[in-house]
Amino acid sequence: MTVSLTSSTTSTGFIPSNFVSFQSTEQFHGAVREQLAQDIEVLFDYAKLPSPLVDACRYVMTGQGKLVRPLMVASAFASINSSNNARTDEPNDDIDADLDALLENDSDYDMSRRAALAVELLHTYSLVHDDLPCMDDDELRRGQPTAHIAFDESTALLAGDVLQTLAFEVLTAEMPTFAPFNANIASQLMAIFAPRARRMVSGQMLDLNAEASTSIAQDDLEAIHRDKTGALIEAAMLMGGICAGATAPQRMALQECAQHIGLAFQVQDDVLDVTMTTDTLGKPAGSDEKLDKSTYVKLMGVDDATSYAQSLFNEGRAAISHELNSRELSDNEDNIGTANDALLALIEWLWSRKK
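Given the structure is predicted, the values throughout are model-derived calculations rather than measurements.

Caption draft 1: Up close: the packing of aromatic side chains. Summed over all chains, the structure comprises four aromatic pairs. Judged by centre distance (4.9 Å) and plane angle (40 degrees), the rings of F168 and F193 are tilted. You can see F168 sitting in helix 7 (residues 153–169) and its partner F193 sitting in helix 8 (residues 183–211), a full 25 residues away along the chain. Overall, F168 belongs to the partly exposed group, its relative accessible area being 22%. A relative accessible area of 0% places F193 in the buried class. When the ring centre of F178 is taken as origin, the NZ or CZ atom of R113, which lies over that ring, is 3.9 Å away. When the ring centre of F265 is taken as origin, the NZ or CZ atom of R353, which lies over that ring, is 3.9 Å away.

Set out below in structure tokens:
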């Protein structure tokens, strides 16, 4: 039985979208974004930051971002949960009874909400700092002035700092609308999250170092981006899977999938930087060339870089498909019949993105 997602609320938020089938990728992503928007407000109410720090944090966290990493957490959680349930559960047409039973113990779902918040907080902190005059010196991000333009440089710097600390705090904070944190899951999430947060920063340093180089080999460029971009994407998929009780083989498959998708995402970004407009991207087009960055387009050209990105997306999809025990998507990726297609649908959505 297929049930549409709704915005019906419980004491802990929206009905966990992983527990019901969804009728379209857009519908699933909309439910995740709506939940995340609510959770961001809950977090800032809890944190009690002074102005203008809280204003800057809210400004950068509520812009028109793609929210790729929280969507990865939610999609991995939905896919692993549904795949595991499909292997162990007897068919049950009494959906209302199923939901009532599941909502009595939804701490795993709430841990996935915490994980989604954590990865978006860390990602946004990195963007705020990347845009500073001492780094890329950008004035536009997510279609609006960057934090140091909208506020000032010192406030932007502190906003990035506090978003980074909140990314870790949120995994165990006692916040309204969240079930008490699960200590076992929280410790596993921290073990995944912390080293990949460190790798993200290391990758940024390597990227800055590469700007001073006259040429860089593809292997070296990929090593940079497996940390700078790929590490947090790894964290997002693995954290979603952990919250859903992923088995060891499933975790290995999620990591392999994430490694391909993380690199594909960066290659695709390099292509979009030279093929899309500033209005479409929501950030300055051609900024890589302006900063003389080493990119896949510079190494390969647009056509070969596009083909390479597509091959990486295909490898990522293949890496996870078997462990999800999922049917292939139809030609229309919005024609989704079962919830365990969430992660595969996300990969299709990422491949078709234009910003």
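Caption draft 2: Structural detail: the confidence of the model for the protein chain. Looking at the protein chain as a whole, its pLDDT mean stands at 83, while 79% of the residues score no less than 70. Contacts for the low-pLDDT stretch residues 326–340, under 50 throughout, to residues beyond four places or in other chains number 46 contacts.

Caption draft 3: Spatial organisation of the pattern of salt bridges. Taken as a whole, this structure holds twelve salt bridges when the rule is applied. R196 is the partner of E234 in a salt bridge, and the nearest nitrogen-oxygen pair spans 3.0 Å. Placement of E234 in helix 10 (residues 230–243) and of R196 in helix 8 is noted, with a sequence separation of 38 residues between them. With a shortest N-O distance of 3.4 Å, E234 and R199 are connected by a salt bridge. With E234 in helix 10 and R199 in helix 8, this pair connects stretches of sequence that are 35 residues apart.

Caption draft 4: Looking closely at the packing of helix 1 (residues 25–47) against helix 5 (residues 107–130). For the pair helix 1 and helix 5, the least separation of the axes is 10 Å and the interaxial angle reads 80 degrees. Taken together, the axes of helix 1 and helix 5 lie roughly perpendicular to each other. Residue-level contacts link Q35, L36, D39, I40 and L43 of helix 1 to Y109, R113, A116, L117, E120 and L121 of helix 5. Taken together, the residues of the contact of helix 1 with helix 5 sort by class into seven nonpolar, one polar and three charged.

Caption draft 5: Representation of the side chain of S321 within the structure. The residue S321 is located in helix 15 (residues 302–324) in this model. Only 2.7 Å separates the side chain of S321 from the backbone oxygen of R317, close enough to count as a polar contact.

Caption draft 6: Structural view of helix 2 (residues 53–61). With seven of nine residues buried, helix 2 lies mostly within the body of the structure. When helix 2 is considered as a whole, its buried residues turn out to be L53, V54, A56, C57, Y59, V60 and M61. On its buried face, helix 2 sits against helix 1, helix 5, strand 4 (144–145), helix 6 (147–150) and helix 7.

Calculation rules
Residues numbered from 1 in each chain as written. Predicted model: local features only at pLDDT ≥ 70, side-chain atom pairs only at ≥ 80, totals over all residues. Heavy atoms only, no water. Phe/Tyr/Trp six-rings, centres within 6.5 Å; stacked < 30°, edge-to-face > 60°. Helix = DSSP H or I, 4+ residues; strand = E, 2+ residues; numbered from the N terminus. Buried < 20%, exposed > 50% of the residue type's maximum accessible area, 1.4 Å probe, protein only. Lys NZ or Arg CZ within 6 Å of the ring centre and 35° of its normal. pLDDT = per-residue confidence, 0-100. Contact = heavy atoms within 4.5 Å. Salt bridge = Lys/Arg side-chain N within 4 Å of Asp/Glu carboxyl O. Axes fitted to C-alpha atoms, helices over the stretch in contact; angles between N-to-C directions. Parallel < 35°, antiparallel > 145°, perpendicular 65-115°, else oblique. Nonpolar A, V, L, I, M, F, W, Y, C, P; charged D, E, K, R; others polar. Polar contact = N/O pair within 3.5 Å; in protein donor to acceptor, adjacent residues only side chain to side chain.

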